[in-house]
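Spelled out, the chains give:
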2 protein chains.
Amino acid sequence: MPRSHFPEIRTLELFQAMQEDHFLSLMRGSYVQNFPPQIELINEGDPSDFLHIVVSGSVDLFSTWNGRETSMATVHPVSTFILAATIKDAPYLMSARTLEKSRIVLVPSQDVRAVFDIDPVFAHAIVAELAQCYRSVVKTTKNLKLRTSLERLANYLLRQQTHAEGAAEFDLAIEKRRLASFLGMTPENLSRAFKGLRAYGVEVEGIKVHISDQQDLERFAKPSSLIDDYST
Amino acid sequence: MPRSHFPEIRTLELFQAMQEDHFLSLMRGSYVQNFPPQIELINEGDPSDFLHIVVSGSVDLFSTWNGRETSMATVHPVSTFILAATIKDAPYLMSARTLEKSRIVLVPSQDVRAVFDIDPVFAHAIVAELAQCYRSVVKTTKNLKLRTSLERLANYLLRQQTHAEGAAEFDLAIEKRRLASFLGMTPENLSRAFKGLRAYGVEVEGIKVHISDQQDLERFAKPSSLIDDYST
DNA sequence: TTCATCTCTTGATATTTATCAGGGCCAGCG
DNA sequence: CGCTGGCCCTGATAAATATCAAGAGATGAA
């Protein structure tokens, strides 16, 4: 794998503080691959041979059961995914597919576990990352169980707005189809939910979202740091 | 804290392999407390001062938002809870209350983090535990998003049956009220769901559940190891 | 015991969400 | 250009789920 990728991977919290030679030995065994859109990288249930890192493009994590499918998360650069399966040497719980042309780094799970065993700093970083992931999914569960679909959408929009530094107008980061699935609803209902939020000053046209009165929307959405703040 | 509790706590995977003196230093700072039923041990949003261990009794982990409440999990002896918050030194995401008279060990979070920093074996165990917790919540999310309430109940019953070593008749481990909340439905609908499962050979009377034809129920429930097997 | 309280159940009804069918719009392609 | 296919929207309808109200049965306290 070309050394040119090392710096940006090294910026990931997971790899930031670890010993240089351990980092290099991880990278030595890894390789980069370019994938076209809509390629299935991982199939849930498969053994977890690699820790994946999205360097460019984006990846959809999704799950299926009994002919149904749901989007669990979208991974943007630069991030890793499926760390837990790698560490546990357990089968993947989610499938992954590229959403666009993407460059993915594949780190053999075996190597990750080996370095994890000998580098306490790396182990520390893995704990931090796993705890973070865990808390994110707990928030997702709370979101699903405590809120209606309209409330989930309202809070999603407020989070996106925060992400856009509070701008009144911003673009949706993912297509509506996938957003619906991510929020646990059908595309048809997402359409109707957008219409339902007009009453709180939300206007949508294509991928453009305009929030005319953030406070009004917040009064309805009642965002909570214990559900919507993914940084803690 | 009395040394008599040490052995059973030591049997927890989290503490099993760690250095004896580290274990003792953790225990030295800890204390045991007996709580009556329905006592709130933790309030979500509070700083995570202690890692909790249920030694006897049982504890309900739940969350609230906007006047609504949902049960996230029930913790039985001997297990820890809210490890992630302890490690991250972040606020609790869930509240906890005793369901019955319970004995709880409280280990100062600070101590846990300190030992975690110096004992690689303990760090290793924490990673394993966190990965496990993470995967459990992912399974919960899949369960919620991919299945109807009837399917969730059917699979819950099959899991309980497995837990009862496949017996055709077994007792519900938690009261129906809480089960409904855990499964993401109302008590009224749980009642109706039980009736709906009669078509697949499920009979319920009080806390007694009888499954007359496990295969028939499985044909309906379609259990999957990637959702229902909490051991991997 | 008796009373009060609580859980559970049931029926009626309302709300939420999904499904089905149709049509508009737009990008990519022959 | 004119297709075609994918996405998105909309309306009608169906299914799933929640709410409300009432009553039966269990439990625990005075």
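Predicted, not measured: the structure shown is a model, and the values here were computed from it.

Okay, the interface of chain A and chain B next. Between chain A and chain B, the contact holds 55 residues from the first and 56 residues from the second. Buried surface at the junction of chain A and chain B, both sides included, amounts to about 4600 Å², of which 73% is carbon and sulfur. One can count four salt bridges joining chain A with chain B. For Lys142(B), the salt bridge is made with Glu44(A), and the minimal N-O distance between the two is 2.8 Å. Summed over the shared surface of chain A and chain B, the result is 25 residue pairs in polar contact (both at pLDDT 80 or more). Counting residues per element, the side of chain A that touches chain B draws most heavily on helix H6 (residues 120-146) of chain A, at 19 residues.

What follows covers helix H7 (residues 149-163) of chain B. Residue and element names in this part refer to chain B. Here H7 spans 21 Å end to end across 15 residues, near enough to the 21 Å set by a 1.5 Å rise per residue. With eleven of 15 residues buried, H7 is to be regarded as a mostly interior element. Three or more residues of H7 are buried, namely Glu151, Arg152, Leu153, Ala154, Asn155, Tyr156, Leu157, Leu158, Arg159, Gln160 and Gln161. Phi turns positive one or two residues past the end of H7, at Glu165, with a value near 55°.

As a further point, take the protein's contact with DNA strand D. Around DNA strand D, a shell composed of 15 residues is seen, among which Lys176(A), Ser191(A), Arg192(A), Ser149(B) and Asn189(B) lie nearest. Counting only atoms of DNA strand D within 4 Å of the protein, the sugar-phosphate share comes to 67%. Take Arg177(A): an N or O atom from its main chain is 3.0 Å from a phosphate oxygen of DNA strand D. Here Glu188(B) contributes a side-chain N or O atom positioned 3.2 Å from a base nitrogen of DNA strand D.

The subject of this paragraph is the side chain of Ser102(B). Residue and element names in this part refer to chain B. Here Ser102 lies in strand S8 (residues 102-108). Given the relative accessible area of 1%, Ser102 is considered buried. For Ser102, the side chain forms a polar contact with the main-chain oxygen of Glu100, separated by 2.9 Å. Those residues within four positions of Ser102 in sequence are excluded, and the remaining contacts are Gln33, Asn34, Phe35, Ser56, Gly57 and Ser58.

So, about the protein's contact with DNA strand C. Inspection of the region around DNA strand C gives 15 residues, with Ser149(A), Lys176(B), Arg177(B), Ser191(B) and Arg192(B) positioned closest. A share of 69% is what sugar and phosphate atoms reach among the atoms of DNA strand C within 4 Å of the protein. Contact between DNA strand C and Glu188(A): a base nitrogen at 3.2 Å from a side-chain N or O atom of the residue. Here Arg177(B) contributes a backbone N or O atom positioned 2.8 Å from a phosphate oxygen of DNA strand C. Of all the secondary-structure elements, those providing two or more residues to the surface near DNA strand C are helix H9 (187-196) of chain A together with helix H8 (176-182) and helix H9 (187-196) of chain B. Ranked by the residues each element gives to the surface near DNA strand C, the list is headed by H9(B), at four residues. Grouping the constituent residues of the surface near DNA strand C by class yields one nonpolar, six polar and eight charged.

Moving on, we come to the packing of helix H5 (residues 109-118) of chain B against helix H6 (residues 120-146) of chain B. Residues and elements named next belong to chain B. Running from N to C, H5 and H6 cross one another at 115°; their axes reach a closest spacing of 5 Å. The orientation of H5 relative to H6 falls into the category roughly perpendicular. Of the two elements, H5 crosses H6, and the hand of that crossing is left-handed. Where H5 abuts H6, its residues Val112, Val115, Phe116 and Ile118 lie against Pro120, Phe122, Ala123 and Ile126.

Let's shift gears to the pattern of salt bridges. Opposite charge on two side chains permits pairing when their charged atoms draw close. Under the defined criterion, the tally for this structure stands at 24 salt bridges over all chains. Of the charged contacts in the structure, one is a salt bridge between Glu69(A) and Arg97(A), with a shortest N-O distance of 3.1 Å. One end of the pair, Glu69(A), is in strand S5 (residues 68-75); the other, Arg97(A), is in strand S7 (residues 95-98), with 28 residues separating them in the sequence. Judged by relative accessible area, which is 44%, Glu69(A) ranks as partly exposed. Salt-bridge contacts for Asp89(B) lead to Arg113(B); the nearest nitrogen and oxygen are separated by 3.6 Å. Of this pair, Asp89(B) sits in the loop between helix H4 (83-88) and strand S7 (95-98) while Arg113(B) sits in helix H5; the two residues are 24 residues apart in sequence, bridging distant segments of the chain. The network of salt bridges with shared partners includes Asp60(A), Glu69(A), Arg97(A), Glu175(A) and Arg178(A).

Residue and element names in this part refer to chain B. Within the structure shown, the criterion is met by twelve aromatic pairs over all chains. For the pair Tyr31 and Phe50, a centre-to-centre distance of 5.8 Å together with 85° between the ring planes defines the contact as edge-to-face. Within this pair, whereas Tyr31 is found in strand S1 (residues 31-35), its partner Phe50 is found in strand S3 (residues 50-56), the two being separated by 19 residues in sequence. A relative accessible area of 35% means that Tyr31 is categorised as partly exposed. Residue Phe50 is classed as partly exposed on the basis of its relative accessible area, which comes to 22%. With a centroid separation of 6.3 Å and an interplanar angle of 65°, the aromatic rings of Tyr156 and Phe182 are classed as edge-to-face. Residue Tyr156 is located in helix H7, and its partner Phe182 is located in helix H8; the two are separated by 26 residues in the primary sequence.

Residues and elements named next belong to chain A. The domain boundaries assigned to chain A delineate domain 1 (3-144) and domain 2 (148-228). The centre of domain 1, based on its C-alpha atoms, is set 28 Å off from the matching centre of domain 2. Taken together, the contact between domain 1 and domain 2 spans 13 residues of the former and ten residues of the latter. Summed over both sides, the interface between domain 1 and domain 2 buries roughly 1100 Å², with carbon and sulfur atoms accounting for 51% of that surface.

Reading the values: the criteria
Residues numbered from 1 in each chain as written. Chains lettered and ligands numbered in written order. Predicted model: local features only at pLDDT ≥ 70, side-chain atom pairs only at ≥ 80, totals over all residues. Heavy atoms only, no water. Contact = heavy atoms within 4.5 Å. Buried area = accessible area lost by both parts, 1.4 Å probe. Salt bridge = Lys/Arg side-chain N within 4 Å of Asp/Glu carboxyl O. Polar contact = N/O pair within 3.5 Å; in protein donor to acceptor, adjacent residues only side chain to side chain. Helix = DSSP H or I, 4+ residues; strand = E, 2+ residues; numbered from the N terminus. Expected span 1.5 Å × (residues − 1). Buried < 20%, exposed > 50% of the residue type's maximum accessible area, 1.4 Å probe, protein only. Near = heavy atom within 4 Å. Nonpolar A, V, L, I, M, F, W, Y, C, P; charged D, E, K, R; others polar. Axes fitted to C-alpha atoms, helices over the stretch in contact; angles between N-to-C directions. Parallel < 35°, antiparallel > 145°, perpendicular 65-115°, else oblique. Left-handed = near helix turned anticlockwise from the far one by under 90°. Phe/Tyr/Trp six-rings, centres within 6.5 Å; stacked < 30°, edge-to-face > 60°. Domains from an automatic or database assignment.

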